[in-house]
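# Fold and geometry: a report
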Amino acid sequence: TASAVGMDKIISKELAALDGIPVLPHVVVRAHQKAAIGPLLAKAGKLGYPLFVKPVAQGSSVGVFKVKRASELRPAVLKAFRFDNAVMIEKGIDRAREIVCGVLGSSGGAKASVTGEVVPKGKHEFFDYEAKYLDDNGMDFLLPAPLSAGTSARLRDMAVKIFLALGGSGMARVDFFVDPKNEKKAYFGEINTLPGFTSHSLYPRLWEKTGLKPEQVLKELVAIGLRAAALKRRLSIRKD
C-alpha cells in the first residue's frame, strides 16, 4: 500500500500536507478533461513560472518537463499524457536544490540518514531521466548536503514523518526541493519506497555516510521484515 501511495504524486503530497509537511501548489489534469483543458492551463499559469509537468504515477522522471513560458505548457501536458492518464502541473522553484534523505524503520520506529544533495551538471536543469541513466557525467552527489545543521535536522525529521504518514516500512528515500536563495523554504518532492541498492545508488551511500555499511542496513531490513511478519501473524480474522 505504501508503495502504491508513494507512486501517486497527488495522494502522497496530500497525505504529507495533512501531517503539516510543506508541499508546492499544483493543478491536476485528468484524461477526461483534455478536451476542455484551457481553464486548467490558465489556472496553472497563475501559479507562476517555471512549472513542472509530471505524469502522476510515473517514476525516474519519465515524462517530466520543465516549462518556462505559457506557450510551452499545453504541448508539455499533452506529451506527459503519453505516460499516464493524469498529469500534475506543479509550481516550480527555478534551479531548486534537490535534497535526498534515507529512512530506515517501520511504524514502531524509524530513523533518517544524513542528507545529500543531487546537483545536475551540464545541460541538465534538473535531475531528469537523461541525467539519471544516460549521462555518466549528469550529476554530482554532495554528501553530506551543504546545509545548515538546523535545516538538515528539519529535513531529516520531515523525512521520517512523511515515511510514517504514508505507511512506509523497511526503507525509503525521501526527496525535497529547497529554494536556492533561502534554504528554510523546503518542500516535499516525492518518496521512493524501493530505492536502488547498488554500489552507486544514493540510498546505501547516504547510510554509509551516516555510519551504517550496506551489510548493516541489510541486516536491519531483515529484522524489520521479521518483526512486521510477527505482528501481522498476531492479527485476528475472526470477530470473537
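Note that the coordinates shown come from a computational prediction; the quantities given were computed from them, not determined experimentally.

Let us now look at the overall build of the protein chain. Of the regular secondary structure elements, the protein chain holds 8 helices and 9 strands. For 240 residues, the compact-globule estimate of 2.2 N^0.38 gives 18 Å, and the protein chain sits close to it at 19 Å. Each principal axis of the C-alpha distribution contributes one length, and for the protein chain these read about 55 × 50 × 35 Å. Looking at the protein chain residue by residue over its 240 residues, the buried ones come to 45%. The contacts of the protein chain with a sequence gap of at least 6 include a subset with a gap of at least 24, amounting to 63%. The averaged location of the 24 negative side-chain charges in the protein chain is 4 Å from the averaged location of its 37 positive side-chain charges.

Here 4 strands make up an open sheet; going across it, the order is 1-4-2-3 and the pairing antiparallel. The open sheet has two free edges, formed respectively by strand 1 (26-30) and strand 3 (65-67), since each of these has just one partner strand. On average, adjacent strands in this sheet sit at an angle of 20° to one another, irrespective of strand direction. With 5 bridges joining them, strand 2 (residues 51-55) and strand 4 (residues 86-91) adopt antiparallel strand pairing. Looking at strand 4, one finds that Val53 is bridged to Ile89. The strands touched by helix 4 (residues 73-80) within the sheet are strand 2, strand 3 and strand 4, with strand 2 carrying the most contacts at an inclination of about 20°.

Attention now moves to the pattern of salt bridges. Under the counting rule described, the total for this entry stands at 7 salt bridges. Here Glu90 ties to Lys54 by a salt bridge, and the two come within 2.6 Å at their closest N and O atoms. Taken together, the residues span a long stretch of sequence, with Glu90 in strand 4 and Lys54 in strand 2 at a distance of 36 residues. With respect to burial, Glu90 and Lys54 carry one shared label: buried. The salt bridge partner of Glu72 is Arg69, with a shortest N-O separation of 2.4 Å. Among the residues examined, Glu72 registers a relative accessible area of 26% and is labelled partly exposed. Among the residues examined, Arg69 registers a relative accessible area of 45% and is labelled partly exposed.

Now for the confidence of the model for the protein chain. Across the protein chain, the average pLDDT comes to 90, with 92% of residues at or above 70. When mean pLDDT is taken per element in the protein chain, helix 6 (residues 149-165) scores highest with 97 and helix 5 (residues 129-134) scores lowest with 61.

Picture the strands of a sheet paired through backbone hydrogen bonds; they go either parallel or antiparallel. Taken together, 5 strands build an open sheet; the order of strands is 7-6-5-8-9 and the sheet is antiparallel. Pairing within the sheet leaves two strands with one partner each, and these edge strands are strand 7 (139-142) and strand 9 (182-192). Direction aside, the axes of adjacent strands within the sheet are offset by 30° on average. Pairing between strand 5 (residues 97-106) and strand 8 (residues 170-179): 9 bridges, direction antiparallel. Each bridged residue has a counterpart across the sheet, and for Glu98 the counterpart in strand 8 is Phe177.

About the criteria used
- Residues numbered from 1 in each chain as written.
- Predicted model: local features only at pLDDT ≥ 70, side-chain atom pairs only at ≥ 80, totals over all residues.
- Heavy atoms only, no water.
- Helix = DSSP H or I, 4+ residues; strand = E, 2+ residues; numbered from the N terminus.
- Rg over C-alpha atoms; globule rule 2.2 N^0.38 Å.
- Buried < 20%, exposed > 50% of the residue type's maximum accessible area, 1.4 Å probe, protein only.
- Contact = heavy atoms within 4.5 Å.
- Lys, Arg positive; Asp, Glu negative; His and termini not counted.
- Charge placed at Lys NZ, Arg CZ, Asp CG, Glu CD.
- Pairing = 2+ DSSP bridges.
- Axes fitted to C-alpha atoms, helices over the stretch in contact; angles between N-to-C directions.
- Salt bridge = Lys/Arg side-chain N within 4 Å of Asp/Glu carboxyl O.
- pLDDT = per-residue confidence, 0-100.

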